[in-house]
Amino acid sequence: MGFQRSTRLLRVGFVLIVCVTIFQVTCLYSMMQDVQVADVDGPLSSALEAFIKRSNNKESVGQPERGSIPVFYNLFVANASDASRVMEIVSEQKSFLLPEYHKPFFVQSMGGAQLEIADATLLGHRANGTELITLHSLWDFCRKNPETEKVVYLHSK
């Protein structure tokens, strides 16, 4: 009984996080139409632009499959001693994703340490920053790929 309840609570918690995240993205999307996010040029935009160009090239190996759901991950690691704890969170969250559907996997890294995430496209690493940087990448992707109906946004907090 205890295991079933824990599993149900875990599923309910995950669904709640997804619902809250969808709400946040919706709210931030409307705000970002009028607000410029500072310092989003450079490696962040370049990585995303390169992926979008590959995606639009019909002969490209990196082209997302029809029906795939891109994942945008806001990764924050305060310092090197926090890396193992954060990696556990990332691994747990990735275990809920379905590799055949949830791709590509974009990571915007922030904080005092940078982690390597398997099968991920690093959009950039910054010592300082907020979720708005990752959300801006998500927003850019959706504007440039209007046929994409769904995206996933996750963070390591």
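This one's a predicted model, so the numbers in the text were calculated from it and none came from an experiment. (Residues numbered from 1 in each chain as written. Predicted model: local features only at pLDDT ≥ 70, side-chain atom pairs only at ≥ 80, totals over all residues. Heavy atoms only, no water.)

1. Thoughts on the sheet that holds strand β4 (residues 152–155)
Hydrogen bonds along the backbone pair up the strands of a sheet, which may run parallel or antiparallel. Heads up, the rule is: The pairing criterion is simple: DSSP has to find at least two bridges between the two strands. Secondary structure elements are taken from DSSP: a helix is a run of H or I of four residues or more, a strand is a run of E of two residues or more, and numbering for both begins at the N terminus. Orientation is described by lines fitted to C-alpha atoms, with helices fitted over the stretch in contact, and by angles between N-to-C directions that extend from 0 to 180 degrees.
In space, the four strands of this open sheet follow the order β3-β2-β1-β4, with parallel pairing throughout. In this open sheet, the two strands that pair with only one neighbour each are β3 (121–126) and β4. Geometrically, the sheet is characterised by an average inter-axis angle of 15° between neighbouring strands, direction not taken into account. Relative to β4, strand β1 (residues 71–77) runs parallel, the two being bridged by four bridges.

2. Re the confidence of the model for the chain
Keep this limit in mind: How sure the predictor is of each residue is captured by pLDDT, a score from 0 to 100. Two residues form a contact once any of their heavy atoms are found within 4.5 Å.
Confidence in the prediction for the chain averages 75 pLDDT; 58% of positions are at 70 or higher. Element-level pLDDT for the chain is lowest in helix α1 (residues 2–32), with a mean of 52, against a maximum mean of 96 in β1. Of the regions scoring below 50 in pLDDT, residues 26–44 engages in 22 contacts with residues more than four places distant in sequence or in other chains. Across residues 58–63, where pLDDT falls below 50, the model places eight contacts with residues more than four positions away in sequence or in other chains.

3. Things to note about the side chain of Ser 156
The line we're drawing: Polar contacts here mean pairs of N or O atoms no more than 3.5 Å apart (in protein, one a potential hydrogen donor and the other a potential acceptor; neighbouring residues in sequence count only if both atoms are side-chain atoms).
Summarising the element assignment, Ser 156 is placed in the segment after β4. Looking at Ser 156, its side chain comes within polar contact range of the main-chain nitrogen of Phe 76, at 2.9 Å. Not counting the four nearest positions on each side in its chain, Ser 156 is found in contact with Tyr 73, Asn 74, Leu 75, Phe 76, Val 86 and Ile 89.

4. Structural notes on helix α3 (residues 83–95)
Heads up, the condition is: A helix is expected to span 1.5 Å multiplied by its residue count minus one. Relative accessibility decides the category of a residue: with a 1.4 Å probe and only protein chains considered, values under 20% of the type maximum give buried, values over 50% give exposed, and everything between is partly exposed. Directions pointing from the helix axis toward each C-beta atom define the arc.
Taking 1.5 Å of rise per residue, the 13 residues of α3 would be expected to cover 18 Å, and the 18 Å separating its terminal C-alpha atoms lies within 8% of that figure. Along α3, the residues that are buried comprise Ala 83, Val 86, Val 90 and Gln 93. Burial along α3 is one-sided: seen end-on, the buried residues are contained in an arc of 95°. Facing away from the buried side of α3, by more than 90 degrees, are the exposed residues Ser 84, Glu 88 and Ser 95.

5. Examining the nonpolar core
Quick note on the threshold: We define a nonpolar core as any set of buried Ala, Val, Leu, Ile, Met, Phe, Trp, Tyr and Cys residues linked to one another through side-chain atoms lying within 4.5 Å.
In terms of nonpolar packing, the biggest core is built from 16 residues, with Tyr 73, Leu 75, Val 77, Phe 105, Leu 115 and Ile 117 touching the most fellow members. For this core, the secondary-structure elements that each account for two or more residues are β1, α3, β2 (105–111) and β4. Ranked by residue count, the leading element in this core is β1, at four residues. Each residue touching Leu 115, except ones within four places of it in the same chain, is listed here: Leu 75, Val 77, Ala 83, Val 86 and Met 87. Ranked by size, the runner-up nonpolar core spans seven residues in total, among them Phe 106, Leu 123, Leu 138 and Phe 141.

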